[in-house]
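A structural walkthrough
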Amino acid sequence: MSKRLNEKQVAAIAILSQPKRTMTYEQIAEQVGVAKSTLFEWKKLDHFDKALNKEIVRVTKDRLPDVFDSIIDNIKQTGNAAAFRTLIQAHGMLTDKIEIESKSTSTNADDIRAEIERLRGNMNMED
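Let us look at the structure shown here. Worth saying up front: this structure is predicted, and the values here are computed from it rather than measured.

Rules used throughout
Residues numbered from 1 in each chain as written. Predicted model: local features only at pLDDT ≥ 70, side-chain atom pairs only at ≥ 80, totals over all residues. Heavy atoms only, no water. Salt bridge = Lys/Arg side-chain N within 4 Å of Asp/Glu carboxyl O. Buried < 20%, exposed > 50% of the residue type's maximum accessible area, 1.4 Å probe, protein only. Helix = DSSP H or I, 4+ residues; strand = E, 2+ residues; numbered from the N terminus.

Before going further, it helps to spend a moment on the pattern of salt bridges. Scanning the model with the defined rule gives 6 salt bridges in all. With a closest N to O distance of 3.3 Å, Glu41 and Lys44 form a salt bridge. Residue Glu41 is classed as partly exposed on the basis of its relative accessible area of 44%. Of the charged contacts in the structure, one is a salt bridge between Arg118 and Glu115, with a shortest N-O distance of 2.6 Å. In this pair, Arg118 and Glu115 are both assigned in helix α7 (residues 109–126), 3 residues apart and thus about one turn of the helix distant. Accessibility expressed as a relative area gives 43% for Arg118, which makes it partly exposed.

It is worth stressing that arrangement in space is one thing and function is another; only the former is reported here.
In structure tokens, the structure reads:
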């Protein structure tokens, strides 16, 4: 069951999520009607943090094309390999390499077939 935000938390999220906010935590707390420490306590709550992050994404997503353009310009000017890697990862064009190691002791087909038959026999005995 997800916890619901109260009106003051919703108001705080609306202010905290603004990209170019100039208000301090003291000012936000005063406007919302809570203590500054309450804001910090709210930020520790999973449901508040998730709602804040969701709102930040919502209010900034229209600016992403500009951000990507500036990243590309920066990469061209500086040759920043880390920024390039991050950009292509964001586009799903680069993934982390995942290696899987088999712990099986049976490596040939005959051993595998024998194990399958053994398991089938066990299943028949249970019926």
